[in-house]
Amino acid sequence: YLLVERSKLIAYRNFFRKVHELHADKTTRLDVSTFKRCFNATGIEMDVDEIECVLANLIYSGYIKGYISHQHGKLVVSKGNAFPPLRD
């Protein structure tokens, strides 16, 4: 069970990383609504609160370096290494 949960977090991290890489200007501020549209395009229905919860867990676990601006509806990631390499 723990392996499945960890794999799920890593899959979410890779999904958010790919969405970040799709931005041509490599911005550090990403709209949470963009992630929602990408999830909807893949057939996964998630609301903004669920996405923010997943992002908060990824930030807490160290899979993403950044913070969530709930007021502005944005994920703000680090300029240097927003998605650090996965550790063992």
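A few points on the structure. Along each chain, numbering runs from 1 in the same order as the chain's sequence is written. Side-chain atom pairs in this predicted model are given and counted only at pLDDT of 80 or more, local residue features only at pLDDT of at least 70, and totals for whole chains, interfaces and linings cover all residues. Heavy atoms throughout the structure, all of them, feed into the side-chain values; hydrogens and water do not.

**Some thoughts on the environment of asparagine 57**
Inference 1: Along the polypeptide, asparagine 57 turns up in helix α3 (residues 48-61).
Inference 2: For the pair asparagine 57 and leucine 9, spaced 48 residues apart in sequence, the C-alpha to C-alpha distance is 8.3 Å. Secondary structure elements follow DSSP: runs of H or I of four or more residues count as helices, runs of E of two or more count as strands, with numbering from the N terminus.

**Digging into the packing of helix α1 (residues 2-22) against α3**
Inference 1: To get an axis, a line is fitted to the C-alpha atoms, and for a helix only the part in contact is used. The angle between two axes follows their N-to-C directions and goes from 0 to 180 degrees. Between α1 and α3, the shortest axis-to-axis distance is 10 Å and the interhelical angle comes to 105°. Judged by the angle between their axes, α1 and α3 are roughly perpendicular. Facing Leu9, Tyr12, Arg13 and Phe16 of α1, the residues of α3 in contact are Ile51, Val54, Leu55, Asn57, Leu58 and Ser61.
Inference 2: In this classification, the charged set is Asp, Glu, Lys and Arg, the nonpolar set is Ala, Val, Leu, Ile, Met, Phe, Trp, Tyr, Cys and Pro, and all remaining amino acids, among them Gly, are polar. Partitioning the contact of α1 with α3 into residue classes produces 7 nonpolar, 2 polar and 1 charged. Orientation is classified from the angle alone, with under 35 degrees giving roughly parallel, over 145 giving roughly antiparallel, 65 to 115 giving roughly perpendicular, and any other angle giving oblique. In what follows, a contact means two residues having at least one pair of non-hydrogen atoms within 4.5 Å.

**Quick notes on the pairing of strand β2 (residues 66-69)**
Inference 1: Across 4 bridges, β2 lies against strand β3 (residues 74-77) in antiparallel orientation. By the bridge assignment, tyrosine 67 is partnered in β3 with valine 76. At least two DSSP bridges between two strands are required for those strands to pair.

**Details of the sheet that holds strand β1 (residues 29-31)**
Inference 1: Strand order in the open sheet made by the 3 strands is β1-β3-β2, with antiparallel pairing throughout. Two strands bound the open sheet, and with one partner strand each, they are β1 and β2. Across the sheet, the mean angle from the axis of one strand to that of its neighbour is 20°, orientation sign disregarded.
Inference 2: Judged from the 3 bridges that link them, β1 and β3 form a sheet pairing that is antiparallel. Its bridge partner being in β3, aspartate 31 is matched across the sheet by lysine 74.
Inference 3: Relative to the sheet, α3 contacts β2 and β3, its axis offset from that of β2 by approximately 155°.

**A look at the packing of α1 against helix α2 (residues 32-41)**
Inference 1: Close contact between α1 and α2 brings their axes to 11 Å; oriented N to C, the two are set at 110°. Put simply, α1 runs roughly perpendicular to α2. With respect to the hand of their crossing, α1 and α2 are arranged in right-handed fashion. Along its contact with α1, which presents Tyr12, Phe15, Phe16 and Val19, the element α2 presents Thr34, Phe35, Cys38 and Phe39.
Inference 2: Across the contact of α1 with α2, the residue classes tally to 7 nonpolar, 1 polar and no charged. Note on convention: the crossing is left-handed when the near helix lies turned anticlockwise from the far helix by less than a right angle, right-handed when the turn is clockwise.

Bear in mind that shape data such as this cannot, by itself, settle questions of function.
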